[in-house]
Amino acid sequence: QVQLVESGGGLVQTGGSLRLSCAASGRTFSTYAMGWFRQAPGKEREFVAAISWSGGSTVYADSVKGRFTISRDNTKNTVYLQMNSLKPEDTAIYYCAARNIANAPIVDVATGFRSWGRGTRVTVSS
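Note that the structure is predicted; figures quoted are calculated from it, not measured.

Here's the deal with the state of the cysteines
By the definition in use, this model includes 1 disulfide. Across the disulfide from cysteine 22 sits cysteine 96; the S-S distance is 2.1 Å. Since a negative S-S torsion denotes a left-handed disulfide, the cysteine 22-cysteine 96 link at about -80° is left-handed. Taken together, the positions of cysteine 22 in strand β3 (residues 18–24) and cysteine 96 in strand β9 (residues 92–98) put the pair 74 residues apart, joining distant regions of the chain.

Below, the structure is given as structure tokens:
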């Protein structure tokens, strides 16, 4: 398994941008599809974006499509989430997740991911 640590969260105004990072330990990171999820207060955790182990495929939730971009740098064991045009409804704790299955395809459900970070808080003020 990999250990995941998120960073980059904070307070931003509506329309602003943030870039989240997720640093992973372990030599197998480059073989795992990765994802970002978020959980707003009083709501269930929801899928945001995912990227294949090679970075060649990505998938997004409809709510963030066109505004958020997921990417990865396997040389740095890091996955990123660039968030632009932020809205108050994007306020949540954002979690990074790893599939922990070598070369498995990307999925958009939390049950498909086996390792999770502790999250980073994003607050978008109106």
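Some thoughts on the pairing of strand β4 (residues 34–39)
Look at any regular strand and the pattern is simple: side chains alternate between the two faces of the sheet. Burial runs high along β4: 5 of the 6 residues are buried. If you look at the hairpin formed by β4 and strand β5 (residues 46–51), you'll find 6 residues sitting between the two strands, and glycine 42 has a positive phi there, around 75°.

Structural notes on the packing of aromatic side chains
For the coordinates displayed, the defined rule picks out 4 aromatic pairs. Measuring from ring centre to ring centre gives 5.3 Å for phenylalanine 37 and phenylalanine 113, while their planes differ by 75°; the resulting arrangement is edge-to-face. Separated by 76 residues along the polypeptide, phenylalanine 37 in strand β4 and phenylalanine 113 in the loop between β9 and β10 (115–116) bring together distant segments of the chain. Here phenylalanine 37 matches phenylalanine 113 in class, with each residue buried. Taking the centre distance of 5.0 Å and the plane angle of 55° together, the rings of phenylalanine 37 and tryptophan 116 count as tilted. Here phenylalanine 37 is found in strand β4, whereas its partner tryptophan 116 is found in strand β10, with 79 residues between them in sequence.

Let's talk about the pattern of salt bridges
Tallying each qualifying case throughout the model produces 4 salt bridges. We note a salt bridge from aspartate 90 to arginine 38, for which the minimum N-O separation is 2.9 Å. Placement of the pair is aspartate 90 in the loop between β8 (78–83) and β9 and arginine 38 in strand β4, with a sequence separation of 52 residues. Take aspartate 90: its relative accessible area is 0%, and that puts it in the buried class.

Quick word on the nonpolar core
Grouped together as the largest cluster of nonpolar side chains are 35 residues, with contacts concentrated most on Met34, Trp36, Val79, Leu81, Met83 and Tyr94. Of all the elements in the fold, those that place two or more residues in this core are β3, β4, β5, β7 (68–73), β8, β9 and β11 (120–125).

Quick word on the environment of phenylalanine 68
Within the secondary structure, phenylalanine 68 is located in strand β7. For the pair phenylalanine 68 and alanine 92, spaced 24 residues apart in the sequence, the C-alpha separation amounts to 14 Å. In contact with phenylalanine 68, not counting residues within four places along its chain, are Arg38, Val48, Tyr60, Leu81, Gln82, Met83, Asn84, Leu86, Asp90 and Tyr94.

Considering the pairing of strand β1 (residues 4–7)
Residue alternation in β1 divides its side chains into a buried set, Leu4 and Glu6, and an unburied set, Val5 and Ser7. Strand direction decides the pairing type here: β1 and β3, joined by 4 bridges, are antiparallel. Within β3, the residue paired with valine 5 across the bridge is alanine 23.

The rules behind the values
- Residues numbered from 1 in each chain as written.
- Predicted model: local features only at pLDDT ≥ 70, side-chain atom pairs only at ≥ 80, totals over all residues.
- Heavy atoms only, no water.
- Disulfide = S-S within 2.5 Å.
- Helix = DSSP H or I, 4+ residues; strand = E, 2+ residues; numbered from the N terminus.
- Buried < 20%, exposed > 50% of the residue type's maximum accessible area, 1.4 Å probe, protein only.
- Pairing = 2+ DSSP bridges.
- Phe/Tyr/Trp six-rings, centres within 6.5 Å; stacked < 30°, edge-to-face > 60°.
- Salt bridge = Lys/Arg side-chain N within 4 Å of Asp/Glu carboxyl O.
- Core = buried A, V, L, I, M, F, W, Y, C linked by side-chain atoms within 4.5 Å.
- Contact = heavy atoms within 4.5 Å.

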